[in-house]
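So the chains spell out like this:
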Amino acid sequence: MKIKTIITIIFICGIAAGCSSWQAVNGPYVSNDDNFEVTVPYGWMKYNTDGFLMLSKDGPFLQYMMIQRRPLSKPFRHTRKQITNHMLPQEAAEVVLDEMRSDRTLRQFVVLSNTPEKIDGNLGFQIIFSYIDRDGLKLKTVLRGFVKDQWYYNLRYTAAERYYFEKDKDDYESLAGSFRLTAN
Amino acid sequence: MTTIAKKILSVLILAVLSSASLYARELTPPLTEEEKYLWRQAQAEQAYINASGFLFQDPELDAYLNEVVAKIKPPDSDSRLSFKVYALKNPFLNAFAYPDGTIYIHTGMLARMENEAQLSGILAHEMAHCLDKHALKSLQHYRNAPGIKRGIETLFRGLIYRLPFLNTSSFPFLFAGYTQELEAEADIKGLELMISAGYHPEAALDMFEHARQELILEKIDESTFFGTHPKLQQRIDNCKNYLQSHQQTIAAHKTNKKRFLEKTLPIVLENSWLDVRAGRFKAALQGAEKYLAYRSNDARGKYLLGEIYRQMGHDQHQSLAMGYYLEAIKADPQFPEPHKAVGLISFKQGDKTTAKQHFQAYLALKPQAPEKAYFQEYIKQCRSE
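Residues numbered from 1 in each chain as written. Chains lettered and ligands numbered in written order. Predicted model: local features only at pLDDT ≥ 70, side-chain atom pairs only at ≥ 80, totals over all residues. Heavy atoms only, no water.

Considering the overall build of chain B
Logical step 1: Within chain B, the secondary structure is distributed over 19 helices and three strands.
Logical step 2: Evaluated residue by residue, chain B yields a buried proportion of 50% over its 385 residues.
Logical step 3: Expressed as a percentage of contacts within chain B between residues at least 6 apart in sequence, the contacts between residues at least 24 apart total 65%.
Logical step 4: As presented, chain B carries roughly 18,900 Å² of accessible surface, and 56% of it is formed by carbon and sulfur atoms. (Helix = DSSP H or I, 4+ residues; strand = E, 2+ residues; numbered from the N terminus. Buried < 20%, exposed > 50% of the residue type's maximum accessible area, 1.4 Å probe, protein only. Contact = heavy atoms within 4.5 Å. Areas by Shrake-Rupley, 256 points an atom, 1.4 Å probe, with all protein chains shown as cover.)

Here you go:
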């Protein structure tokens, strides 16, 4: 499911449920389903769901952090390419970028940087990119990813480029820095 | 003739011409309120598309496409329709026209064409939709429908016609197709326009074949794809019947293949890259082979072919890819990308000496490569082993 669609569903469900889908979270957070743990910085709200960790301060349309893992066998939406566990980090990053470049809803998609990155000791990548969404809002994203066994893990921070991105970027760095895989 | 006489004659000619022009303008009825609404919507959507970053910007190609449109446009057509064509970076087979005469054609469609007559066939079909006001007719049909039907259609539009660039469009039929009747009408009018402009009309049938190939390639069921469109075979039969019944009067034979390929070959290369990104390797391969058929020793074409095979990811394709990369390097030693690719394959195969050599060559030729940090890292790893 597309991130924008997920956000919209979350938003509608949140309103319908009197926003009870969101709860304040602070400090250590363990995902037993996805086998990771992180330390959530102060001031973030977590969306109550299984399957991924989504956090926001001012609402997901303005900024959110998301950690999820997906099986390598699960196809992407816009590219038929797949990430494999034989790929070098740069090759995996290229597949992720091709997924976004093939997405016609991301207007003026620009890759600002693409560099190798270690995430909890795993060789991976970090891509920073910007784009304009369907509603005309310019967004900026930092996406870190790596492959472990049959899973592609990604840690994403997306925020309105104006004001919000810089405001909360350090919190993303803190969250990503605290990321640890846990035993199955 | 004296100078004064010449001046008087010039003034008279100008007066005659301007009154003729005024007369012609009077013949064109003003836009109705509905049309004004449609045109405003069309222009807003075009502004959105044009700022999307998906326009294929090549002034030479734009000039060529608009030159072909000018050849097809009937001299007696609505003077307010100012036809203009844009190429959109999209590997899928499609073209669409807004009611004000603005036409968008996907690079995927241009890349599959072989000659100008085929291009004229697509443009003429789209122009026919504008000339015969199919957008307006569709809107009126929708507005005049009974309330319940309209309600269902509105809901259906909202759910189905969420378009790539736009949240929703006022012109769902541009993307999802007009009714069978209107499409059939545009097919025949398109043929008439082609013939009037001197283009070989059977070229229009080639494009149906391309559409059929696309459906096979995409494994799409024809009935799903065409929806309310007349089915492909039915459209082909309609066009063939028309051409047979007018055989005696058709003298048109122009295809302009050479000029078409000169102008559009860069699109074939660009579009193949779009196919590679979308993971449509078969389509990408067709594009790369077409490009290389005309530019057999082109380094970029060979590199593309190498990339397609490498990214397919099968072990047996890696040596094939390597062969194309080496040919690309031979064809243009200053072209950086094949060095990167040879380095990657060698690195993964454990040949660190070759990998290091090519990564270094890549970075020397492209010191500002956006992903250079990876290759600096790989070079370090090659050194340490």
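Having put the structure on the table, let's press on.
Overview of the interface of chain B and chain A
Logical step 1: With 32 residues of chain B at the interface, the matching set in chain A holds 29 residues.
Logical step 2: Each partner contributes to the roughly 2,500 Å² buried at the junction of chain B and chain A, and carbon and sulfur atoms together form 48% of this total.
Logical step 3: Where chain B packs against chain A, one counts two salt bridges.
Logical step 4: Across the pair A:Glu91 and B:Arg310 runs a salt bridge, and its minimum N-O distance is 2.9 Å.
Logical step 5: At the junction of chain B and chain A, the tally comes to 16 residue pairs in polar contact (both at pLDDT 80 or more).
Logical step 6: Ranked by the residues each element gives to the side of chain B that touches chain A, the list is headed by helix α19 (residues 372–384) of chain B, at four residues.
Logical step 7: For the side of chain B that touches chain A, the per-class residue count stands at 18 nonpolar, six polar and eight charged. (Buried area = accessible area lost by both parts, 1.4 Å probe. Salt bridge = Lys/Arg side-chain N within 4 Å of Asp/Glu carboxyl O. Polar contact = N/O pair within 3.5 Å; in protein donor to acceptor, adjacent residues only side chain to side chain. Nonpolar A, V, L, I, M, F, W, Y, C, P; charged D, E, K, R; others polar.)

Points about the packing of helix α17 (residues 337–349) of chain B against α19(B)
All names here are of chain B.
Logical step 1: Viewed as axis vectors pointing N to C, α17 and α19 meet at an angle of 45 degrees, and their least axial separation amounts to 12 Å. It follows from the interaxial angle that α17 and α19 lie oblique. Our pair here, α17 against α19, has a crossing hand that is left-handed. From α17, Lys340, Leu344 and Phe347 reach across to α19, where they touch Phe375, Tyr378, Gln381 and Cys382.
Logical step 2: For the contact of α17 with α19, the class distribution of residues is five nonpolar, one polar and one charged. (Axes fitted to C-alpha atoms, helices over the stretch in contact; angles between N-to-C directions. Parallel < 35°, antiparallel > 145°, perpendicular 65-115°, else oblique. Left-handed = near helix turned anticlockwise from the far one by under 90°.)

Details of the nonpolar core
Nonpolar side chains in soluble globular proteins generally cluster together in the buried interior.
Logical step 1: Judged by nonpolar contacts, the single largest core of 82 residues is most densely connected at B:Ile72, B:Ile105, B:Met113, B:Leu119 and B:Ile308.
Logical step 2: By residue number, the principal contributor to this core is helix α5 (residues 116–131) of chain B, which donates eight residues.
Logical step 3: Looking at which domains feed residues into this core, each of domain 1 (25–249) and domain 2 (271–384) of chain B gives three or more.
Logical step 4: The residues contacting B:Ile105, other than those within four sequence positions of it, are B:Leu65, B:Val85, B:Tyr86, B:Ala87, B:Leu88, B:Asn94, B:Ala95, B:Leu110, B:Met113, B:Leu119 and B:Ile122.
Logical step 5: Judged by nonpolar contacts, the second largest core, of 56 residues, contains A:Val142, A:Leu155, A:Tyr157 and A:Ala159. (Core = buried A, V, L, I, M, F, W, Y, C linked by side-chain atoms within 4.5 Å. Domains from an automatic or database assignment.)

Notes on empty space enclosed by the protein
Residues and elements named next belong to chain B.
Logical step 1: Tallied over the full model, the rule gives three cavities of 30 Å³ or more.
Logical step 2: Here the largest cavity is characterised by a volume of approximately 140 Å³.
Logical step 3: As for the largest cavity, its lining consists of 17 residues, of which Glu35, Trp39, Pro99, Cys130 and Lys133 are closest to the centre.
Logical step 4: Broken down by class, the residue content of the lining of the largest cavity amounts to 12 nonpolar, two polar and three charged. (1 Å grid on protein atoms, 1.4 Å probe; cavity = no way out; pocket = protein on both sides within 12 Å on 5 of 7 lines; lining within 4 Å. Points joined across faces, edges and corners; volume = space filled by probe spheres on them.)

Points about the sheet that holds strand β2 (residues 95–97) of chain B
Residue and element names in this part refer to chain B.
Logical step 1: On the basis of which strands lie adjacent, the open sheet formed by three strands has the order β1-β3-β2 and mixed pairing. If you trace the sheet from one side to the other, it starts and ends with β1 (84–88) and β2, each paired once. On average, adjacent strands in this sheet sit at an angle of 15 degrees to one another, irrespective of strand direction.
Logical step 2: Alignment of β1 against strand β3 (residues 102–106), held across five bridges, turns out to be parallel. In the strand pairing of β3, tyrosine 86 is matched with tyrosine 104. (Pairing = 2+ DSSP bridges.)

Quick word on the packing of aromatic side chains
Residue and element names in this part refer to chain B.
Logical step 1: All chains considered together, the criterion is met by 27 aromatic pairs over all chains.
Logical step 2: Centroid distance tryptophan 273 to tyrosine 303: 5.7 Å. Interplanar angle 40 degrees. Geometry classified as tilted. Of this pair, tryptophan 273 sits in helix α13 (residues 257–277) while tyrosine 303 is found in helix α15 (residues 299–312), placing the two residues 30 residues apart along the sequence.
Logical step 3: Residue class for tyrosine 303 comes out buried when judged on its relative accessible area of 6%. (Phe/Tyr/Trp six-rings, centres within 6.5 Å; stacked < 30°, edge-to-face > 60°.)

Here's the deal with the layout of surface pockets
Logical step 1: Taken as a whole, the second largest pocket spans an internal volume of roughly 1,200 Å³.
Logical step 2: Forming the boundary of the second largest pocket are 40 residues, of which A:Lys81, A:Glu94, B:Glu307, B:Arg310 and B:Gln311 lie nearest the centre.
Logical step 3: Mapped onto the lining of the second largest pocket, the elements with two or more residues apiece are α2 (89–101) and β5 (107–119) of chain A together with α13, α15, α16 (315–331) and α17 of chain B.
Logical step 4: For the lining of the second largest pocket, the leading source of residues is α2(A), giving seven residues.

A closer look at helix α9 (residues 180–196) of chain B
Residues and elements named next belong to chain B.
Logical step 1: With 17 residues, α9 extends 24 Å from end C-alpha to end C-alpha; this agrees with the ideal 24 Å at 1.5 Å per step.
Logical step 2: Every buried residue of α9 is accounted for by Leu182, Glu183, Ala186, Asp187, Gly190, Leu191, Leu193, Met194 and Ile195.
Logical step 3: Next to the buried residues of α9 lie α3 (59–72), α5, α6 (134–144), α10 (203–218) and α12 (232–245).
Logical step 4: Residue glycine 198 follows α9 closely and has a positive phi angle near 90 degrees. (Expected span 1.5 Å × (residues − 1).)

A word on the packing of α17(B) against helix α18 (residues 352–365) of chain B
Residues and elements named next belong to chain B.
Logical step 1: Axis separation between α17 and α18 bottoms out at 7 Å; the angle between their running directions is 155 degrees. Considering the angle they form, α17 stands roughly antiparallel to α18. In this structure, α17 crosses over α18, and the sense of that crossing is left-handed. On α18, the residues touching Glu337, His339, Lys340, Val342, Gly343, Leu344, Ser346 and Phe347 of α17 are Lys352, Thr354, Ala355, His358, Phe359, Ala361, Tyr362 and Leu365.

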